[in-house]
Amino acid sequence: MLLDRLHTVAFTGHRSYRGEAEERLIASLRRLAEWGYTTFLSGMAEGFDLAAAEAVLKLRREGIAVRLVAVVPFRGQSRGFTMENRARYRAVLAEADEVITLSERFFRGCYQVRNDYLVDHAAYLLAWYDGSRGGTQQTFLGALHRGLEVENLSTIQPDPKLF
């Protein structure tokens, strides 16, 4: 299915996320849905990605008209997840409106391809970014440079010199 970029939100966040911003996440998703954002993209990593995907599904079960698209970087992504997170991952995939698998196999750079996909197909980025280096930082900065609206739910804000 073709994505309507102007009504799409992508998620990025650290794998270390443990629900610290759950209330702010739900409130942001409700607000975004009210503003007309109907599609939400999750890169399906442990941590914030999975939590954000589950939050979208929760809103959908409450009757809010939102879609979840799981953007899987490669088939077998969850092999290295904890048992609990593998179960969560499978449950999210089962309820997602669409699953886009970008590669049949892991390859060096596949996460960057996934992150670029997220930014290229959204108008808004909802993040849990604490300023540390890595894929979340690259996605956050990439979204800013491409002109996406960016919201950071982390209470630890990145160094403004990055921008």
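The structure this text deals with has already been given above.
Residues numbered from 1 in each chain as written. Predicted model: local features only at pLDDT ≥ 70, side-chain atom pairs only at ≥ 80, totals over all residues. Heavy atoms only, no water.

> Tell me about the packing of aromatic side chains, residues and numbers included.
Taken as a whole and judged by the stated rule, the model has 10 aromatic pairs. Among the aromatic residues, those joined into a ring-pair cluster are Phe11, Tyr17, Phe40, Phe48 and Trp128. Positioned above the aromatic ring of Tyr111, the side-chain terminus of Arg15 is 5.4 Å from the ring centre. The residue whose ring lies beneath Arg31 is Trp35, and the NZ or CZ to ring-centre distance is 4.8 Å. (Phe/Tyr/Trp six-rings, centres within 6.5 Å; stacked < 30°, edge-to-face > 60°. Lys NZ or Arg CZ within 6 Å of the ring centre and 35° of its normal.)

> Describe in detail the pairing of strand β5 (residues 124-128), supporting the description with residues and values.
Along β5, 5 of the 5 residues are buried, which leaves the element largely enclosed by surrounding structure. Burial along β5 is two-sided: the residues Tyr124, Leu126 and Trp128 and Leu125 and Ala127 are all buried. In this structure, strand β1 (residues 8-13) lies alongside β5, joined through 5 bridges in parallel fashion. The partner of Phe11 across the bridge, within β5, is Leu126. Across 4 bridges, the pairing between β5 and strand β6 (residues 149-152) is parallel. If you follow Leu126 over to β6, its bridge partner there is Glu151. (Buried < 20%, exposed > 50% of the residue type's maximum accessible area, 1.4 Å probe, protein only. Helix = DSSP H or I, 4+ residues; strand = E, 2+ residues; numbered from the N terminus. Pairing = 2+ DSSP bridges.)

> Please provide a residue-by-residue account of helix α1 (residues 22-34), values included.
Taking 1.5 Å as the rise per residue, α1 with 13 residues should run 18 Å; its terminal C-alpha atoms sit 18 Å apart, in good agreement. Summarising the contacts, the buried residues of α1 are in contact with β1, β2 (39-42), α2 (48-61), β5 and β6. At the exit of α1 stands Gly36, carrying a positive phi of roughly 100°. (Expected span 1.5 Å × (residues − 1). Contact = heavy atoms within 4.5 Å.)

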